[in-house]
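Structure at a glance
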Amino acid sequence: MKTSIKTTLACALAGVYTVPLHAASLAVEIELPRIEVAEYHRPYVAVWLQSADRQTVRDIAVWYDYKMPKEEGKKWLKDLRQWWRVSGRGQDELADGVTGATQAAGKHTIQVAATHPALADLPAGQYEVIVEASREKGGREVLRLPLAWPAQQAATAEAQGESELGHVKATLTP
Amino acid sequence: MKRLIPALIAAALLVPATSLAHDRWLEPSATVLSGDDAYITVSAGAGNDKFYYNHNRIALNNLVVTSPTGKSVQPENEFEGRLRSVFDVKLTEDGTYRIALVTDGGIFARWKEGEANKRWFGKAEDVEKNVPKGAKDLVVSERVDRIETFATKGNPTDLEPVKKGLALSGDTHPNDLYAGETAQFVLTLDGEPAKNLEVEIVRDGSRYRDAVEEITVKTDDKGRFEVKWPEAGLYWLHADTKDSKTSTPAASQRSVSYVATLEVLPQ
């Protein structure tokens, strides 16, 4: 997690100094519901941007057990089924700024600066911010938030999960 | 009861060329994998219902496992039980593994001696001393069978075309199948399009529904066919054909069959 915070911070700082003020940024709020089960494991979560034709796919965050010995945590990445299909399986190593540790139940916000690889040089068009969660000995859920890029004005999209995800919201600031 | 037994034996012998009338399959524990070292376990069986081990195991003598880079992979922990055979495959490379039971050139003969039906399986060179020449209703077939499945670690990779017998190719990768989507396949025979052949597709779990719910499609004149997957599951895909392209003069016809097990994932 340290790595990811540092990278995000670096990106944010870089944004302040090198990117004109009108550069847009994206905030993704993710609520992981508290689930009362005997054996609870924090879910694997993937957040990514995807164009309607799937031609453009940009990872925003992948939370998994990346510190397990022998990279054993990777064994279950395929359970983020849609993310694995459109993005994960095509990568040898996940990008530093994308990988993070699994998170506890509660609300989490991912700030994506304009300079983040997910947004930098993103072609104009209609996208979805997709949030997928998969939990060991639990279920899986995917939520899709429509998003037009670039933002002409502030825009939000939200969705309410029913099982593995709570309230999820994407806010685009021009 | 005593009088019944000969009748039953006769009836049993009437079962056509195939004990072979039983469906056969490979059942992989997973087809989509991530991580560095991945293992799957695969079961092989023959039975009346797809994926139900209710008749016999399949011998693993003809098991061929091929890695994404074309290397021959040694299966591990082979086991033959009464009702099924089992083996493990370690996937070390990224890409698609082909796991196949390949019968190439086995001979099957049937004929009549009086009223009795006779059958013989074996190799081409043994036909002469086991099968009476000019026997009544004698049919000697050469068998080219392939029972296979696929498993992918990481990104799916292209599969080497199969040069002999029936096989699956096409635009859709066999480890990239999702419910509600339409797969576009090509059936090939000796590497060429297999035209106007019927393809039978059945989802697993038939015990827990009333109907088999088979999907039947026909290949077009380019060997193409499409399947829209109604739901996630393990699917048994089958086609067969006969022709006269035998590789040995001992056989008068060639009997070719193909089975693929495909996993369709939820969206």
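Residues numbered from 1 in each chain as written. Chains lettered and ligands numbered in written order. Predicted model: local features only at pLDDT ≥ 70, side-chain atom pairs only at ≥ 80, totals over all residues. Heavy atoms only, no water.

Residue and element names in this part refer to chain B. For the structure shown, the criterion picks out 28 salt bridges over all chains. Measuring nitrogen to oxygen at the nearest pair gives 2.8 Å for the salt bridge that ties Asp94 to Lys153. Of the two residues, Asp94 sits in the loop between β8 (85–91) and β9 (95–113) while Lys153 sits in strand β11 (residues 136–153), which places them 59 residues apart along the sequence. Judged by relative accessible area, Asp94 falls into the partly exposed class, the value being 44%. Among the salt bridges present, the one from Arg254 reaches Asp190, with a minimum N-O distance of 2.8 Å. Note that Arg254 is positioned in strand β19 (residues 253–264) and Asp190 in the loop between β13 (182–189) and β14 (192–193), a separation of 64 residues in sequence. (Salt bridge = Lys/Arg side-chain N within 4 Å of Asp/Glu carboxyl O. Helix = DSSP H or I, 4+ residues; strand = E, 2+ residues; numbered from the N terminus. Buried < 20%, exposed > 50% of the residue type's maximum accessible area, 1.4 Å probe, protein only.)

It is worth spelling out the pairing of strand β3 (residues 38–47) of chain B at this point. Residues and elements named next belong to chain B. Burial within β3 is extensive, with eight of its ten residues counted as buried. Judged from the six bridges that link them, strand β1 (residues 23–28) and β3 form a sheet pairing that is antiparallel. Of the residues in β3, the one forming a bridge with Asp23 is Gly47. Pairing geometry for β3 and β8, over seven bridges, is antiparallel. Bridge assignment links Val42 to a residue of β8, and that residue is Phe87. (Pairing = 2+ DSSP bridges.)

What follows concerns the interface of chain B and chain A. Taken together, the contacts link 16 residues of chain B with 16 residues of chain A. Interface area lost by chain B to chain A is led by Ser34, Tyr178 and Gln267 of chain B, which between them contribute 35%. Counting the contacts that link chain B with chain A gives four salt bridges. Among the residues forming the side of chain B that touches chain A, the class breakdown is six nonpolar, six polar and four charged. (Contact = heavy atoms within 4.5 Å. Buried area = accessible area lost by both parts, 1.4 Å probe. Nonpolar A, V, L, I, M, F, W, Y, C, P; charged D, E, K, R; others polar.)

To continue, consider the packing of aromatic side chains. All names here are of chain B. Evaluation of the coordinates by the stated rule reveals nine aromatic pairs over all chains. Residues Trp25 and Tyr53 carry aromatic rings whose centres are separated by 5.4 Å and whose planes lie at 65° to one another, so their mutual orientation is edge-to-face. One end of the pair, Trp25, is in strand β1; the other, Tyr53, is in the loop between β3 and β4 (56–57), with 28 residues separating them in the sequence. The residues Trp25 and Tyr53 share a single accessibility class, namely buried. Taking the centre distance of 6.5 Å and the plane angle of 65° together, the rings of Phe185 and Trp229 count as edge-to-face. In this pair, Phe185 sits in strand β13 while Trp229 sits in the loop between β17 (224–228) and β18 (233–243), placing the two residues 44 residues apart along the sequence. Here Phe185 matches Trp229 in class, with each residue buried. An aromatic cluster of at least three residues, connected via ring pairs, comprises Phe185, Phe225, Trp229 and Tyr235. One Lys or Arg, Lys50, reaches over the ring of Trp236 and ends 4.6 Å from the middle of that ring. Positioned above the aromatic ring of Tyr53 is the side chain of Arg84, whose terminal nitrogen or guanidinium carbon lies 5.4 Å from the ring centre. (Phe/Tyr/Trp six-rings, centres within 6.5 Å; stacked < 30°, edge-to-face > 60°. Lys NZ or Arg CZ within 6 Å of the ring centre and 35° of its normal.)

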